[in-house]
Structures are given as structure tokens and as C-alpha cells.
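Topology and contacts: notes
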Amino acid sequence: MRQLDVSGSAAAARRAASPEMFKHVFLTGPPGVGKTTLVQKACEALVSSGTAVGGFYTEEVREGGRRVGFDVVTVTGERAHLSRVRDLAASSRGGREYTVGQYVVDLPSFENVALPLFRNVGPANGGGGKVFVIDEIGKMELFSQSFVGAVRQTLDGSSCTILGTIPVPKGRPLVLVEEVRGRRDVKVFTVSKENRNSILQDVLATLQDCLTEHSTLY
């Protein structure tokens, strides 16, 4: 098995070779290509190396082989509905209904779990670098204006490095997604079926660069 190098010495060598510095790392690619799986593998490697990790990822929910929706899952294991197909979705009780394709978004459920994570996004105990996972910034999540504001504030802040995912451009542009894609302090990796099994090392190396740069600046 290939050894995952998340050491500071490797990061220092790369910084000396490249003047371009990034603050955050995002993965993009078509649905189902394996972005969330990569995020989870990166989190496991970071935690095993002693890096503090927070945030959430999105996980599909299947029943009887059929995809019926998505859950938001925190890195500590807390889970809540993000969306469900219409026949399984909770009633909106007369309020506005948010939909993406066949899925009805449970905005209160998503916000109740995701938003408090941003309030605890500060540096790790002891002042070390912290990675904050946002998987993903997509159509469903962007119905929440509070989420949009929290993401922007975290991107501009100095408390953590974000490991996030964004969808590939399709149809009408998503404003926040394009903001992220166009930021000079964001490194975007495009995940494909061809590279998804080999790109993890590059993602971890760039995250280590971000964390090391953060520690020298703050």
C-alpha cells in the first residue's frame, strides 16, 4: 500500500518549488464520481496524522436498491435529512417547498445540523491548523441563505482550511459555486473515474501546504 505523506517536510519542499499558495481545497466532478469518498478518505488520513477535522459531508440514502434522498452527516457521525423523494418527504406545512429534480429539500433539518458547525469552526485546541469539510456546496444546500453567508465568511476568514466539493457547471450558474471556483486562494481538483483512485495523495499534499502556510501566517 502506498504511504500517504502528510508531513510538514514534504510541504516545505513544495512551497520552495512553487510561489502559488492556496488556502482552501475543493473537489469537483460529475455526480457519483467519488468526491465524497475522497473527502472521507482524506479526513481519515488527516485525523490519523493528528490534524483536527470538522464539518459535514453528504451521503445518499437508498432503500431497496432505490436512491430515495440524501442525508447530511457530520464528521462526528450526527445525521439528518437533506432531501427525500416526494413520496417520502416531510410535509412543508404550508410553507415554501424547495425542490431539486425529484427531491424535496428539508431545509430546517439541514440548517439545524450544518449551521452550528460553522460557529465552531475556530482553530484546533493548541492553536494548530484545522480542516473544515463542506461537502457539498450544491443546489440543495444553496437554498439556505444562512449557509451561503456562513460559507463566504469561512472562506474569507483565517480560522481554518476548507476541504469542500462543488458540482461541475451545468445549466444556470450557481453564484457561490462560481465564486469558489474563481478564487485565487482555492485549489480545485477535478475528479474523474480515471484519477479517483490516484488523486488522494495530491489532495492531501495540497491540504498540508495550506495548513503549513496558515501556521506560518497566524
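Provided above is the structure to which this section pertains.
Now for a quick tour of the structure. Just so we're clear, the structure is a prediction, and the values are computed from it rather than from any experiment.

Analysis parameters
- Residues numbered from 1 in each chain as written.
- Predicted model: local features only at pLDDT ≥ 70, side-chain atom pairs only at ≥ 80, totals over all residues.
- Heavy atoms only, no water.
- Phe/Tyr/Trp six-rings, centres within 6.5 Å; stacked < 30°, edge-to-face > 60°.
- Helix = DSSP H or I, 4+ residues; strand = E, 2+ residues; numbered from the N terminus.
- Buried < 20%, exposed > 50% of the residue type's maximum accessible area, 1.4 Å probe, protein only.
- Lys NZ or Arg CZ within 6 Å of the ring centre and 35° of its normal.
- Pairing = 2+ DSSP bridges.
- Axes fitted to C-alpha atoms, helices over the stretch in contact; angles between N-to-C directions.
- Contact = heavy atoms within 4.5 Å.
- Parallel < 35°, antiparallel > 145°, perpendicular 65-115°, else oblique.
- Left-handed = near helix turned anticlockwise from the far one by under 90°.
- Nonpolar A, V, L, I, M, F, W, Y, C, P; charged D, E, K, R; others polar.
- Core = buried A, V, L, I, M, F, W, Y, C linked by side-chain atoms within 4.5 Å.
- Salt bridge = Lys/Arg side-chain N within 4 Å of Asp/Glu carboxyl O.

**Focus on the packing of aromatic side chains**
- What the rule picks out here adds up to seven aromatic pairs.
- Ring geometry for F56 against F110: centres 5.9 Å apart, planes inclined by 75 degrees, an arrangement best described as edge-to-face. On the criterion of sequence distance, the pair formed by F56 in strand β2 (residues 52-63) and F110 in helix α3 (residues 107-119) is long-range, its members being 54 residues apart. For the pair F56 and F110, one class covers both residues: buried.
- An aromatic cluster is built from F56, F110, F118, F132 and F147, whose rings are joined through pairwise contacts.
- When the ring centre of F189 is taken as origin, the NZ or CZ atom of K187, which lies over that ring, is 5.3 Å away.

**Examining the sheet that holds strand β9 (residues 186-190)**
- Here we have nine strands laid out as an open sheet, ordered β5-β6-β4-β3-β2-β7-β8-β1-β9, and mixed in their pairing. The sheet is open, and its two edges are formed by β5 (98-100) and β9, each paired on a single side. The mean angle between the axes of side-by-side strands here comes to 25 degrees, regardless of whether they run parallel or antiparallel.
- Pairing analysis gives three bridges linking strand β4 (residues 79-85) to strand β6 (residues 103-105), with the strands arranged antiparallel. In the sheet register, R84 faces β6, and the bridge partner there is V104.
- Set on the sheet, helix α2 (residues 35-48) makes contact with β1 (24-29), β2, β7 (130-134) and β8 (161-167); between it and β2 the angle comes to about 145 degrees.

**Remarks on unusual backbone geometry**
- Residue E136 is reached from D135 by a cis peptide bond, and omega for that bond is 15 degrees.
- Along the polypeptide, E136 turns up in the loop between β7 and α4 (145-156).

**Describing the packing of α3 against α4**
- Viewed as axis vectors pointing N to C, α3 and α4 meet at an angle of 20 degrees, and their least axial separation amounts to 10 Å. Here α4 runs roughly parallel to α3, going by the angle between their axes. Considering the relative orientation of α3 and α4, their crossing is left-handed. The residues of α4 that touch α3, namely those facing F110, E111, L115 and F118, are S146, F147, A150, V151 and T154.
- Here the contact of α3 with α4 is built from residues that sort into six nonpolar, two polar and one charged.

**Regarding the nonpolar core**
- One finds F56, I134, I137 and F147 to be the most contacted residues of the largest nonpolar core, which totals 39 residues.
- Of the residues forming this core, the biggest block, seven residues, is contributed by α3.
- In this structure F147 touches F56, F110, L115, F118, I134, E136, I137, E141 and L142, once residues within four positions along its chain are discounted.
- In this structure, V25, A42, L46 and L211 belong to the second largest nonpolar core, which totals 23 residues.

**Here's the deal with the pattern of salt bridges**
- Evaluation of the coordinates by the stated rule reveals 11 salt bridges.
- Among the salt bridges present, the one from R152 reaches E179, with a minimum N-O distance of 2.7 Å. Of the two residues, R152 is situated in helix α4 and E179 in helix α5 (residues 175-182); the sequence distance between them amounts to 27 residues.
- For R152, a relative accessible area of 32% puts it in the partly exposed group.
- The shortest N-O distance in the salt bridge between R183 and D185 comes to 2.9 Å.
- According to the relative accessible area criterion, R183 is partly exposed, its value standing at 22%.
- What makes D185 buried here is its relative accessible area of 19%.
- A cluster of three or more residues bridged by salt bridges with shared partners is formed by E59, D71, R79 and R84.

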